[in-house]
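The primary structure of each chain is shown beneath.
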Amino acid sequence: MRKVRVGVLGARRGGSMIDYCKKADNAEVVAICDKEQYLLDIQKKNADGLDIAYYICFEDFIKHDMDAVVLANYANEHAPFAIKCLNAGKHVFSEVLPVQTMKEAVELIEAVEKSGLVYSYGENYCYMGANREMKRLYEEGKIGEFEYGEGEYIHNCEPIWPEITYGQKDHWRNNMYSTFYCTHSLGPIIHTTGLRPVSVVAFESTMNERNLRIGSKAGLFGVEIVTLENGGIVKSIHGGLYFNSIWYAIYGSKGHMESAREISRNGHMNKIFVQADNYSGEYSKPPVEEYDPNTKSSLDTSKFGHSGSDFYPMYYFIEKIKGDEKADTIDVYQALDMFLPGLLGYRSVLNGSTPVAIPNLRDKHERDKWRNDTSCTDPKVAGEMLLPTSLIGTPDIPDSVYESVKQKWEIKKEELKNK
Ligand SMILES: NC(=O)c1ccc[n+]([C@@H]2O[C@H](COP(=O)([O-])OP(=O)(O)OC[C@H]3O[C@@H](n4cnc5c(N)ncnc54)[C@H](O)[C@@H]3O)[C@@H](O)[C@H]2O)c1
C-alpha cells in the first residue's frame, strides 16, 4: 500500500516526526517548511537522498501534493494552522498545545467536524512505557474505577533556554503562563482513564531569579487540581523546579499503580509498580508487581526520542489515516480535555484559586458562550482580553537579559549548522 505523504511545518521539534517518516514503512516525508533557512539547509544535508521539497513560506507549502501535515510550529499558533490545513484537505497531527484561546477551541473542533479528516494530538508522554502499560491495565480493570491520580512534568529548561527561545523577548515560551504547558502532566491520566474534566482549581508558584535571569515572564511552576466526571481528582504539576522529574500515579477502587521516580527508584518511565486486589474490599495486600513495561511490547522503539514515546503518536496517526479506526490516537475532544484545565486553570489562578467549571465542547450548545473569548497572554491574539503573564502582572524584564540569551544562542546555532 502507498505510504502516507507527510509535510512537516517547523523543523526544530519537527525533526522528530521527519525522523519517524524516514524510519517508518507506513509514511514518507515529502515537504518541510520553516521560515528559518538554516533549518532547511540542515534538513537538506540530512535528506538521505529522499525526494523532499523545502519551503520558507507556509502558503506555498500547503499547496504541495501531500496527505497530511505535522504541525511543529509555535505552541501558541497550532489552531489557526490546523484549521488552514484541514480546510486544504490535509489530515493534521498537532504538537502540544492544541489551541491558545477558548475561541480557537470552538473553531478547531468545528473545523475538524466539518472536514471529516483525522486530527491527532501529539501528546507523546501518554505513550511512555509506564503510561502505555497503566492504560492497558486500567482498561482491563486491574485497579478498578479511577479515584485519584498525579501527573508530574518537571523540566528545568534554564540550561537550554538559549536554544529554545533564541533570545526573542516575545517567544511563546517567554510569554506563556504557569498553567499553559499542562498536557505532559495531565494528559496521560486523561488518556488512561478516558474521563472528562469538569472543574479545575489551580495555583501558581512565585516567580524567582531562575525565571528572571532567562527572561521567562511566568510563575516558575503551575499546579492544577482537576475534578473528573466520575468525581475522581487529579493533581497535575509542571514547570521549572530545579531537577527534572517525570512521574505518574493512579489510585483505583481496588488497587494502585505508578511509574518509578527518578530520584528514589531508578527506572523512570521504564519501570512500573502495581498492587491490586481481585475485588474491592478484599484487602489481601498482594505483593507489589515491579517490572519494565517495555517487555510487554512487541515493538522496539528505543531509537525514538522521549524514551521511545515519540514513535507512537505518529504511528497511530498514520494508521488512523490508513483506516484503522482502533488506532490509539488522541482526538480533538480529548486534546482539549487535556488542555482546558490549564487554560481555564489560569483564570482560577487569577481569581485567587477559586474553582472554574470546564465546558464540554462536544456539546454544540456549550460552544456559543466561548466563541469570542480571546483571553490569553499573547498580545497578537488577545486584543482587549490580554491577561498578565503571572499573578504579579507581566514583569518588565530588561532587554539586556534577552541580549545575553541571544549571544549564547548564536554560538549554539553555529554548532548546529556545522554538525
Ligand atoms: N512533545 C514534546 O515532547 C515536545 C518537545 C519539544 C517541543 N514540542 C512542541 O513542538 C513545537 C515546536 O517547538 P520547538 O521546540 O521546535 O520550538 P519553536 O516553537 O521555537 O519552533 C517552531 C519552529 O517553527 C517555525 N515556524 C513557526 N511559525 C512558522 C511559520 N508560520 N512558517 C514557517 N515556519 C514557522 C520556526 O521558525 C521554528 O523553527 C511546540 O509546539 C512545542 O510545544 C513538543
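Model, not experiment: these values are computed from the prediction.

Draft legend 1. Fine view of the site of the ligand. Close contacts around the ligand come from 20 residues, with Gly10, Arg12, Arg13, Asn73 and Ala75 the closest. Looking at side-chain class alone, the shell around the ligand contains 9 nonpolar, 5 polar and 6 charged residues.

Draft legend 2. Representation of helix 1 (residues 14-23) within the structure. Of all the positions in helix 1, only Gly14, Ser16, Met17, Ile18, Tyr20 and Cys21 are classed as buried. Each element contacted by the buried residues of helix 1 is listed here: strand 1 (4-9), strand 2 (27-33), helix 2 (37-45), strand 4 (68-71) and helix 11 (311-321).

Draft legend 3. Representation of the domain arrangement of the protein in the model. Here the protein is described as being made up of domain 1 (4-124) and domain 2 (125-385). Just the C-alpha atoms count here: the centres of domain 1 and domain 2 sit 23 Å apart. Put simply, the parts of the chain that give the side of domain 1 that touches domain 2 at least two residues each are helix 1, strand 5 (91-94), helix 5 (102-115) and strand 6 (119-121). By residue number, the principal contributor to the side of domain 1 that touches domain 2 is helix 5, which donates 7 residues.

Draft legend 4. Region of the structure containing the packing of helix 6 (residues 129-139) against helix 9 (residues 183-193). Axis separation between helix 6 and helix 9 bottoms out at 8 Å; the angle between their running directions is 30°. Our classification of the angle between helix 6 and helix 9 gives roughly parallel. Our pair here, helix 6 against helix 9, has a crossing hand that is right-handed. The residues of helix 9 that touch helix 6, namely those facing Asn131, Met134, Lys135 and Tyr138, are Pro188, His191, Thr192 and Thr193. Tallied by class, residues from the contact of helix 6 with helix 9 come to 3 nonpolar, 4 polar and 1 charged.

Draft legend 5. The arrangement of the sheet that holds strand 2 in detail. Strand order in the open sheet formed by 6 strands is 3-2-1-4-5-6, and the pairing between neighbours is parallel. The open sheet has two edge strands, strand 3 (53-55) and strand 6, and neither has a second partner. In this sheet, neighbouring strand axes are inclined to one another by 25° on average, regardless of whether the strands run parallel or antiparallel. Bridge analysis of strand 5 against strand 6 gives 3 bridges, and the strand direction is parallel. For Ser94, the partnering residue across the bridge sits in strand 6 and is Tyr121.

Draft legend 6. Looking closely at helix 9. Taken across its 11 residues, helix 9 has 11 buried, putting it largely inside the fold. Residues of helix 9 that are buried include every one of Thr183, His184, Ser185, Leu186, Gly187, Pro188, Ile189, Ile190, His191, Thr192 and Thr193, and no others. Contacts made by the buried residues of helix 9 are with helix 6, strand 7 (146-154), strand 9 (221-228), strand 10 (233-239), strand 11 (245-252) and helix 12 (332-350). Phi for Gly194, located one or two positions after helix 9, is positive at around 70°.

Reading the values: the criteria
- Residues numbered from 1 in each chain as written.
- Predicted model: local features only at pLDDT ≥ 70, side-chain atom pairs only at ≥ 80, totals over all residues.
- Near = placed C-beta within 6 Å.
- Nonpolar A, V, L, I, M, F, W, Y, C, P; charged D, E, K, R; others polar.
- Buried ≥ 20, exposed ≤ 12 C-beta atoms within 10 Å, placed from the backbone.
- Helix = DSSP H or I, 4+ residues; strand = E, 2+ residues; numbered from the N terminus.
- Contact = placed C-beta atoms within 7 Å.
- Domains from an automatic or database assignment.
- Axes fitted to C-alpha atoms, helices over the stretch in contact; angles between N-to-C directions.
- Parallel < 35°, antiparallel > 145°, perpendicular 65-115°, else oblique.
- Left-handed = near helix turned anticlockwise from the far one by under 90°.
- Pairing = 2+ DSSP bridges.

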